[in-house]
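Results of the structural survey
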Amino acid sequence: QVQLVESGGGLVQPGGSLRLSCVASGFTFSAYAMSWYRQAPGKERELVATITTANTRLIYPNSVKGRFTISRDNAKNTLYLQMNSLKPEDTAVYYCYADIQLQHLWGQGTQVTVSS
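What this report covers is the structure whose coordinates are included nearby. Remember, it's a predicted structure, so these values are computed and weren't measured experimentally. (Residues numbered from 1 in each chain as written. Predicted model: local features only at pLDDT ≥ 70, side-chain atom pairs only at ≥ 80, totals over all residues. Heavy atoms only, no water.)

Only one face of strand S11 (residues 110–114) is covered, namely the face carrying Thr110, Val112 and Val114; the face carrying Gln111 and Thr113 is uncovered. As judged from the three bridges shared by strand S2 (residues 10–12) and S11, these two strands associate in the parallel manner. Pairing of leucine 11 across the sheet is with threonine 113, part of S11. In terms of strand pairing, strand S9 (residues 92–100) meets S11 through three bridges, oriented antiparallel. Among the inter-strand pairings, alanine 92 is bridged to a residue of S11, identified as valine 112. (Buried < 20%, exposed > 50% of the residue type's maximum accessible area, 1.4 Å probe, protein only. Helix = DSSP H or I, 4+ residues; strand = E, 2+ residues; numbered from the N terminus. Pairing = 2+ DSSP bridges.)

In structure tokens form, the structure reads like this:
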């Protein structure tokens, strides 16, 4: 079964850190670029970061550059998002995403809440 399963979300205080994980199954993980998106309440889903098969890492919103890092472990079929210096505006559901031969594959999402 082709699927993505995220974990690692939770409640964290401003300035704290979290590492999100996304375990892939049912396809050749190393052969595809992978991305993280997020969706805050009342807002559209936003692309946060992409990592290519050659390990090129792209971070999109200026608001997270320098604080978020995307990485992958192909041996473990796992995608990561390290989030540091978290801010309340980072509160959102975070989703793992892959375009598998034109099939848009999404995980179920993991909630990240940044609040004191």
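Our next topic: the environment of proline 88. Along the polypeptide, proline 88 turns up in the loop between strand S8 (78–83) and S9. When the C-alpha positions of proline 88 and valine 5 are compared, they lie 24 Å apart, and in sequence the two are 83 residues distant. Aside from chain neighbours lying at most four places away, what touches proline 88 is Pro14 and Val114. (Contact = heavy atoms within 4.5 Å.)

Taken in spatial order, the four strands make up an open sheet running S1-S3-S8-S7, and their pairing is antiparallel. In this open sheet, the two edge strands, each paired with only one partner strand, are strand S1 (3–7) and strand S7 (68–73). Averaged over all pairs of adjacent strands, the angle between their axes in this sheet comes to 15°, without regard to strand direction. Pairing between S7 and S8: six bridges, direction antiparallel. Paired with threonine 69 across the bridge in S8 is glutamine 82. (Axes fitted to C-alpha atoms, helices over the stretch in contact; angles between N-to-C directions.)

Once that is clear, we can look at the layout of surface pockets. Here the largest pocket is characterised by a volume of approximately 200 Å³. Class assignment for the residues of the lining of the largest pocket results in four nonpolar, three polar and seven charged. (1 Å grid on protein atoms, 1.4 Å probe; cavity = no way out; pocket = protein on both sides within 12 Å on 5 of 7 lines; lining within 4 Å. Points joined across faces, edges and corners; volume = space filled by probe spheres on them. Nonpolar A, V, L, I, M, F, W, Y, C, P; charged D, E, K, R; others polar.)

Moving on to the nonpolar core. Judged by nonpolar contacts, the single largest core of 30 residues is most densely connected at Leu4, Trp36, Leu79, Leu81, Met83 and Tyr94. Taken together, the elements giving at least two residues each to this core come down to strand S3 (18–25), strand S4 (34–39), strand S5 (46–51), S7, S8, S9 and S11. Of all the elements, S9 adds the most residues to this core, at five residues. (Core = buried A, V, L, I, M, F, W, Y, C linked by side-chain atoms within 4.5 Å.)

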